[in-house]
Amino acid sequence: MFFDTTRHVKRALSIGLTTIGLAATFALAPTAYAAKVTPKDCKILVLGDSLSAGYGLSPEQGWVHLMEKRLTEKFPNCSVFNASISGETTAGGKARLDELLKTQKPSHMVLELGANDGLRGLSLQVMQDNLRSMIVKARQNLVQTVLVGMKIPPNYGPNYTRRFDQTFPTLARKEKVPLVPFMLAGFADKPEAFQADGIHPNADYQEKVLDNIWPVLSGTLTP
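The rules we used
- Residues numbered from 1 in each chain as written.
- Predicted model: local features only at pLDDT ≥ 70, side-chain atom pairs only at ≥ 80, totals over all residues.
- Heavy atoms only, no water.
- Helix = DSSP H or I, 4+ residues; strand = E, 2+ residues; numbered from the N terminus.
- Buried < 20%, exposed > 50% of the residue type's maximum accessible area, 1.4 Å probe, protein only.
- Contact = heavy atoms within 4.5 Å.
- Areas by Shrake-Rupley, 256 points an atom, 1.4 Å probe, with all protein chains shown as cover.
- Phe/Tyr/Trp six-rings, centres within 6.5 Å; stacked < 30°, edge-to-face > 60°.
- Lys NZ or Arg CZ within 6 Å of the ring centre and 35° of its normal.

What about the overall build of the protein chain?
Stage number 1. Helices and strands together make up the secondary structure of the protein chain, namely eight helices and five strands.
Stage number 2. Traced from its N-terminal end to its C-terminal end, the protein chain shows the element sequence α-β-α-α-β-α-β-α-α-β-α-β-α.
Stage number 3. Split into buried and exposed, the 223 residues of the protein chain put 53% on the buried side.
Stage number 4. For the protein chain, the share of sequence-separated contacts (at least 6 apart) that also reach a separation of at least 24 residues comes to 81%.
Stage number 5. Here the protein chain has roughly 9,800 Å² of accessible surface; of this, 54% comes from carbon and sulfur atoms.

Put into structure tokens, the structure is as follows:
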């Protein structure tokens, strides 16, 4: 079951929305994890779009802020820098990454980009190349990437939709980085989980977003 996403697309492109609630969940065989870092080295860079920037939420309601609180309890030496921007594309993230790596010196990067590329019908090869470039750049700087998978609605055509969906697990396997299969897994088919735009998870479901990301991310951290 999919939401009626067609009527939201123009609005999504105009305000930089990042993804659309979908019913499908996605399974992937475990990927290889890089060596864990010591707590004193732990700094997590979140490079994403409006789903990670907390669109429509107060600052303390978004999943990134909730992650900071959970880290305080379980990995108290980890800090977080949220570099997410509503409307960001993989090209935008790629353009900003060098400076972020230089100034923030993270040990980890949560890479949550690509949905806006899909919503705009951009080249999937370019999107994949941009994501790979960011993963490689992070690795060169000894930064562990966690890739967040995305999905787009079927009204973009079966071929484009299928290729988009496959980009993330394929890239994760080739680059041997951990993958969050789908950020909205488990609630994407529930209208009550979303804000009035029908696209962004509301405050009540931000914890569930974090629950989808946490097992993968925490697997790369040292207590």
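Now, onward.
Notes on the packing of aromatic side chains
Stage number 1. Summed over the entire model, instances satisfying the criterion amount to five aromatic pairs.
Stage number 2. Note on Phe-164 and Phe-168: the rings are 5.4 Å apart at their centroids and 70° apart in plane angle, and the pair reads as edge-to-face. One end of the pair is Phe-164 and the other is Phe-168, both in helix α7 (residues 158-175) and four residues apart, which spans about a single turn. Across the pair, Phe-168 and Phe-164 agree in class, each one buried.
Stage number 3. Considering the side-chain rings of Phe-187 and Phe-194, the 6.0 Å spacing of their centres and the 40° angle between planes classify their relative orientation as tilted.
Stage number 4. On the accessibility criterion, Phe-194 (7% relative accessible area) is buried.
Stage number 5. Three or more aromatic residues link up through ring pairs in this structure, and these residues are Phe-187, Phe-194 and Tyr-205.
Stage number 6. When the ring centre of Trp-214 is taken as origin, the NZ or CZ atom of Arg-70, which lies over that ring, is 5.2 Å away.
Stage number 7. In this structure, Lys-151 packs its charged tip against the face of Phe-182, placed 5.9 Å from the ring centre.

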